[in-house]
Amino acid sequence: MSRHAVITGGSAGVGRATANRFAADGWRVTLLARDQSRLAAAVGDIEGNGGRASAVPTDVSDPEAVEAAARQAEQSQGEIDVWVNSAMVTVFAPVAEITAEEFRRVTDVTYLGQVHGTMSALRRMRPRNRGTIINVSSALAYHGLPLQAAYCGAKFAARGFTESLRGELMHDRCAVRLSLIVLPAVNTPQFDWARNKMPCRPRPVPPVFQPETVASAIVGAAETAPRELVIGTSSLKLLAGSVAAPGVVDRILAKLAYGGQQDREPAEDRADNLFEPVPGNFGAHGRFGEEARRVAPDISLAAVRGLAAFIGAALFAGAIALGGRLPRSSPRRDS
C-alpha cells in the first residue's frame, strides 16, 4: 500500500509543488490550506495525473482545526507516514511600520502553525513509534533579513522548537524522525500576495530557485530524514557567514537587502493573504520563472558549521560578488 503525506500550505507555492512531487512518486497526499477553491484545483491537478489526493480547508493558526484536519486525513487516506509543515505568511516592512496585530498573525501562522502541525502528527506517530515530520525552514532562520522581521522571528522560533523537540524524542528513544529543510529564495506566489508596505513590489533576493527544486529535497528527506538540510549555495553563504563573520553579514544586508527585496515597479493596491486567503488561480510558481534556477545542491548543516571557521574571508568576497548582482540603491520611500 502506498504511503500517506500531509502537507500544510499545500494549495500553492512550495507546499503545492511538494504535494505534486509526493503524488508523482506514488504517495497518497492530503493538502491543508485556507482557500477551498485553490485546494480543489490542487487536488484536481494531482488526480488528473493519476495520483491520489484529498484536501481539508484549514487555518494552521487554529490548533483545534489542525487536529480535526489530521483526524479527517487519516479517515480518508489512512495512517499518516509523513507530515510536512510548509504554511507561512509574511509582511514586507520596516519594524516601525508593522503593527502588533501583524506580528502576532505572522507568528501564529509561520511559527505556531508548525507547532500545531507537529503536535497533531506526534499524537498519531508516537503510539506507533514511527513516522517523519519535516519542518520547512529558511536561511532567514539563521540570520535575519531587513524588512522581514516578523517572518524571520517566526522562523527562528520554529527552528528552536524543532531542536528542543528533537532532544526530547532522542531522550525518549522515540523512533519518530524530525527534519529541518533550509530554503533559499524560491519562485512562489508569496511575492504577489504577501502584505507589503514598501513603495515597490516585493521580490526574492537572488539567486531564486524553482519550487520543484525544493520539493525534490523535501520528498528525499521523507526517505532519509536528515537532521537539517540546506538547499543552495546562497543559503550556505548566509549560514556560514552568520557563524564566521556575523557583523560583516549585517553590514552587507543593511546595504543590499532594501533594494534586493524590491522590484523597480511601484507597489500595487491589492489584497494580501495575511488574515484571509487571496482568491485567484495561484499555483506553485510566482512571476520570477525567467530567472529561477532548477538545480540546487543539498548540503548537510553539519558541513556548514564545520567549514564556517575556515571560509570567513572567502565568504566575504563571495558575498560582495553576489551583491554586485543586486540593486545597490534602495527605492526611495515617499516622505
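Located above this text is the structure these notes cover.
1. Quick look at the overall build of the protein
Within the protein, the regular secondary structure consists of 11 helices and 14 strands. Across the 335 residues that make up the protein, the buried fraction comes to 56%. Pairs at least 24 residues apart make up 80% of the contacts formed inside the protein by residues separated by at least 6 positions. Looking at the protein as shown, the accessible area adds up to about 14100 Å², and 53% of this sits on carbon and sulfur atoms.

2. A word on the packing of helix α1 (residues 13–24) against helix α7 (residues 211–224)
At a minimum axis separation of 8 Å, α1 and α7 run at an interaxial angle of 55°. By the criterion of interaxial angle, the relationship of α1 to α7 is oblique. Our pair here, α1 against α7, has a crossing hand that is right-handed. From α1, G13, V14, A17, T18, R21 and F22 reach across to α7, where they touch P211, E212, V214, A215, S216, I218, V219 and A222. Residue classes in the contact of α1 with α7 are distributed as 9 nonpolar, 3 polar and 2 charged.

3. Observations concerning the nonpolar core
Core analysis: the largest hydrophobic core is formed by 31 residues, its most contacted members being W83, V106, M125 and I133. Counting only elements with at least two residues in this core, the list comes to α3 (63–77), α4 (100–128) and α5 (149–171). When residues of this core are assigned to their parent elements, the largest contribution, 6 residues, is made by α4. For V106, the residues in contact, after removing those within four places along its chain, are V89, T90, V91, Y111, A150, Y151, A154 and L274. Counting residues in each nonpolar core, the second largest holds 30 residues, with I7, V136, I181 and V186 among its members.

4. Regarding α5
In a regular helix each residue adds 1.5 Å, so 23 residues correspond to 33 Å; α5 covers 33 Å between its end C-alpha atoms and thus fits that length. At the exit of α5 stands R173, carrying a positive phi of roughly 55°.

5. Digging into the environment of V91
In this fold, V91 is placed in strand β5 (residues 91–92). Owing to a relative accessible area of 0%, V91 belongs among the buried residues under this scheme.

6. With respect to the pattern of salt bridges
One pass over the full model with this rule turns up 24 salt bridges. The shortest N-O distance in the salt bridge between R105 and D59 comes to 3.1 Å. Placement of R105 in helix α4 and of D59 in the loop between β3 (52–57) and α3 is noted, with a sequence separation of 46 residues between them. Using a relative accessible area of 8% as the deciding quantity, one classes R105 as buried. The class for D59 is partly exposed, based on a relative accessible area of 24%. Between R128 and E79 there is a salt bridge; the shortest N-O distance is 3.8 Å. Within this pair, whereas R128 is found in helix α4, its partner E79 is found in the loop between α3 and β4 (82–85), the two being separated by 49 residues in sequence. On the accessibility criterion, R128 (25% relative accessible area) is partly exposed. The class for E79 is partly exposed, based on a relative accessible area of 28%. Through salt bridges with shared partners, a single ionic network connects E67, R71, E74, E79, R123, R124, R128 and R130.

Conventions used here
Residues numbered from 1 in each chain as written. Predicted model: local features only at pLDDT ≥ 70, side-chain atom pairs only at ≥ 80, totals over all residues. Heavy atoms only, no water. Helix = DSSP H or I, 4+ residues; strand = E, 2+ residues; numbered from the N terminus. Buried < 20%, exposed > 50% of the residue type's maximum accessible area, 1.4 Å probe, protein only. Contact = heavy atoms within 4.5 Å. Areas by Shrake-Rupley, 256 points an atom, 1.4 Å probe, with all protein chains shown as cover. Axes fitted to C-alpha atoms, helices over the stretch in contact; angles between N-to-C directions. Parallel < 35°, antiparallel > 145°, perpendicular 65-115°, else oblique. Left-handed = near helix turned anticlockwise from the far one by under 90°. Nonpolar A, V, L, I, M, F, W, Y, C, P; charged D, E, K, R; others polar. Core = buried A, V, L, I, M, F, W, Y, C linked by side-chain atoms within 4.5 Å. Expected span 1.5 Å × (residues − 1). Salt bridge = Lys/Arg side-chain N within 4 Å of Asp/Glu carboxyl O.

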